[in-house]
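Residue-level listing of the chains:
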Amino acid sequence: QKEVEQDPGPLSVPEGAIVSLNCTYSNSAFQYFMWYRQYSRKGPELLMYTYSSGNKEDGRFTAQVDKSSKYISLFIRDSQPSDSATYLCAMKRTGGYQKVTFGTGTKLQVIP
Amino acid sequence: GAGVSQSPSNKVTEKGKDVELRCDPISGHTALYWYRQRLGQGLEFLIYFQGNSAPDKSGLPSDRFSAERTGESVSTLTIQRTQQEDSAVYLCASSHTWQGGAGELFFGEGSRLTVL
């Protein structure tokens, strides 16, 4: 079993839809939960991160962490064609150097 | 400012040949990482450098893979006797060294390797 599981999609939605992207994980020691966005033929870039449980909002993006269920989500409101990309969840433990473990990524297409 | 730079952006090679991939991190970033991304798969960790030492090499898949880093600067990933399963995008990332925090990784655009 992989430490981080993510549905690869692809996910296709109409412009303006609310998008929900999710990951599950098995390592209860993970404390930092990150979402990276990767456009085609580009490197991933950090979208947002959350420490421990709870919600974090940044514009149209909301990240949620439920540590009791080992489940994290990224919601995109009013989705735009420019949001079309692959979204990778990533996680790490606290303390000094800790390896970042990535999910496989979900490919999202927002149709105009 | 300049981001992480990788070269070559594309490399096609024949099975059995050696290849070298280069990464130039963001100036001042002491931490450097190599990841591999196969088609339709996530990022697979290969190796982590802190300065020019590599405290975590746990992701290198075989002894055909090696990497080195000069000071807190350029790193090269070398794959010897390439195999078709080595075909992938090799991504380099750098970051500040944090005692805590999420430690944002800044990625290059990758080197796309195709082994025929």
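Figured I'd write up the structure that's included with this text. (Residues numbered from 1 in each chain as written. Chains lettered and ligands numbered in written order. Predicted model: local features only at pLDDT ≥ 70, side-chain atom pairs only at ≥ 80, totals over all residues. Heavy atoms only, no water.)

A short note on the sheet that holds strand E8 (residues 75-79) of chain B
Residue and element names in this part refer to chain B.
Logical step 1: Pairing within the open sheet is antiparallel, and its 4 strands lie in the order E1-E3-E8-E7. Across the chains shown, the open sheet's two edge strands, defined by having one partner strand only, are strand E1 (5-7) and strand E7 (65-69). Neighbour-to-neighbour, the strand axes of the sheet open up by a mean angle of 15°, direction not taken into account.
Logical step 2: Pairing of strand E3 (residues 19-24) with E8, which is carried by 5 bridges, proceeds in the antiparallel orientation. (Pairing = 2+ DSSP bridges. Helix = DSSP H or I, 4+ residues; strand = E, 2+ residues; numbered from the N terminus. Axes fitted to C-alpha atoms, helices over the stretch in contact; angles between N-to-C directions.)

As for the pattern of salt bridges
Residues and elements named next belong to chain A.
Logical step 1: Evaluation of the coordinates by the stated rule reveals 6 salt bridges over all chains.
Logical step 2: Between Arg-60 and Asp-83 there is a salt bridge, with its nearest N and O atoms 2.9 Å apart. Taken together, the residues span a long stretch of sequence, with Arg-60 in the loop between strand E6 (54-58) and strand E7 (61-66) and Asp-83 in the loop between strand E8 (71-76) and strand E9 (85-92) at a distance of 23 residues.
Logical step 3: A relative accessible area of 2% means that Asp-83 is categorised as buried. (Salt bridge = Lys/Arg side-chain N within 4 Å of Asp/Glu carboxyl O. Buried < 20%, exposed > 50% of the residue type's maximum accessible area, 1.4 Å probe, protein only.)

What about the interface of chain A and chain B?
Logical step 1: Counting residues at the interface gives 20 residues for chain A and 22 residues for chain B.
Logical step 2: For the chain A face of the interface with chain B, the top three residues by lost area are Arg-41, Tyr-97 and Phe-102 of chain A, together amounting to 29%.
Logical step 3: A salt bridge links Glu-109 of chain B to Lys-42 of chain A; its shortest N-O distance comes to 2.9 Å.
Logical step 4: At the level of elements, strand E4 (32-38), strand E5 (45-51) and E9 of chain A are the ones that each hand at least two residues to the side of chain A that touches chain B.
Logical step 5: The element best represented in the side of chain A that touches chain B is E4 of chain A, accounting for 4 residues.
Logical step 6: Among the residues making up the side of chain A that touches chain B, the classes are represented as 10 nonpolar, 6 polar and 4 charged. (Contact = heavy atoms within 4.5 Å. Buried area = accessible area lost by both parts, 1.4 Å probe. Nonpolar A, V, L, I, M, F, W, Y, C, P; charged D, E, K, R; others polar.)

Overview of the pairing of E3 of chain B
Residue and element names in this part refer to chain B.
Logical step 1: Burial of the side chains of E3 is restricted to one face: Val-19, Leu-21 and Cys-23 are buried, whereas none of Glu-20, Arg-22 and Asp-24 on the reverse face is.
Logical step 2: Strand direction decides the pairing type here: E1 and E3, joined by 3 bridges, are antiparallel. Among the inter-strand pairings, Gln-6 is bridged to a residue of E3, identified as Cys-23.

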